[in-house]
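One-letter residues, chain by chain:
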Amino acid sequence: MIKQVGGDHYRQMPIQPIEFCQVNGLPYCEANVIKYVCRHRSKNGAEDIRKAIHYLELLLDLDYPDEGQDDDGEAFCAISPGLLTRYDLGKSYRPARHE
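For the structure given in this document, a descriptive report is provided here.

About the thresholds
Residues numbered from 1 in each chain as written. Predicted model: local features only at pLDDT ≥ 70, side-chain atom pairs only at ≥ 80, totals over all residues. Heavy atoms only, no water. Helix = DSSP H or I, 4+ residues; strand = E, 2+ residues; numbered from the N terminus. Buried < 20%, exposed > 50% of the residue type's maximum accessible area, 1.4 Å probe, protein only. Contact = heavy atoms within 4.5 Å. Core = buried A, V, L, I, M, F, W, Y, C linked by side-chain atoms within 4.5 Å. Disulfide = S-S within 2.5 Å. Phe/Tyr/Trp six-rings, centres within 6.5 Å; stacked < 30°, edge-to-face > 60°. Salt bridge = Lys/Arg side-chain N within 4 Å of Asp/Glu carboxyl O.

What to know about the overall build of the protein chain
Within the protein chain, the secondary structure is distributed over four helices and zero strands. Scanning the protein chain from its N terminus toward the C terminus, one meets helices and strands in the order α-α-α-α. With 99 residues in all, the protein chain has 28% of them scored as buried. Restricting to contacts in the protein chain with at least 6 residues of sequence separation, those with at least 24 account for 34%.

Set out below in structure tokens:
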């Protein structure tokens, strides 16, 4: 890609995150993880890593709700419990698995 608005941190890459994500059909959360991990050294540092982790936690909540525990066995939820209840995501939402 030639055009980039707001800096040149993506243009410096041989394959830009958006190109990789589009070609591979990655959904929103996965694409954001790729974006933030790829740019952290040239843009926002640790903040971008925290954003990537946030999207990974969202993926766990949405795609694997029955496995929502951290390493200590404590339940965690990156998504507001009100949102889960409002949209009944905790019970009926089961996205297609990407294998």
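Some points on the nonpolar core
With seven residues, the main nonpolar core is built from C29, V33, Y36, A52, Y55, L58 and L59. Elements with a minimum of two residues in this core: helix 2 (28–39) and helix 3 (46–63). Here the element with the most residues in this core is helix 3; it accounts for four residues. Once you skip the residues sitting within four places of it in the chain, C29 turns out to touch Y55, L58 and L59.

Topic: the state of the cysteines
Evaluated as defined, the whole model comprises zero disulfides. Its sulfur unpaired, C38 is 7.6 Å from the next cysteine sulfur, which belongs to C21.

A look at the packing of aromatic side chains
In the structure shown here, the tally under the stated rule is two aromatic pairs. Note on Y28 and Y55: the rings are 6.0 Å apart at their centroids and 75 degrees apart in plane angle, and the pair reads as edge-to-face. One end of the pair, Y28, is in helix 2; the other, Y55, is in helix 3, and 27 residues separate them in sequence. Y28 sits in the exposed class, given a relative accessible area of 61%. Centroid distance Y36 to Y55: 6.1 Å. Interplanar angle 20 degrees. Geometry classified as stacked. You can see Y36 sitting in helix 2 and its partner Y55 sitting in helix 3, a full 19 residues away along the chain.

Focus on the pattern of salt bridges
Summed over all chains, the structure comprises two salt bridges. Between R39 and D48 there is a salt bridge, with the nearest N and O atoms lying 2.9 Å from each other. Between E47 and K51 there is a salt bridge, and its shortest N-O distance comes to 3.4 Å. A residue pair is termed a helical-turn pair when its members lie 3 or 4 positions apart in one helix, as E47 and K51 do in helix 3 at four residues.

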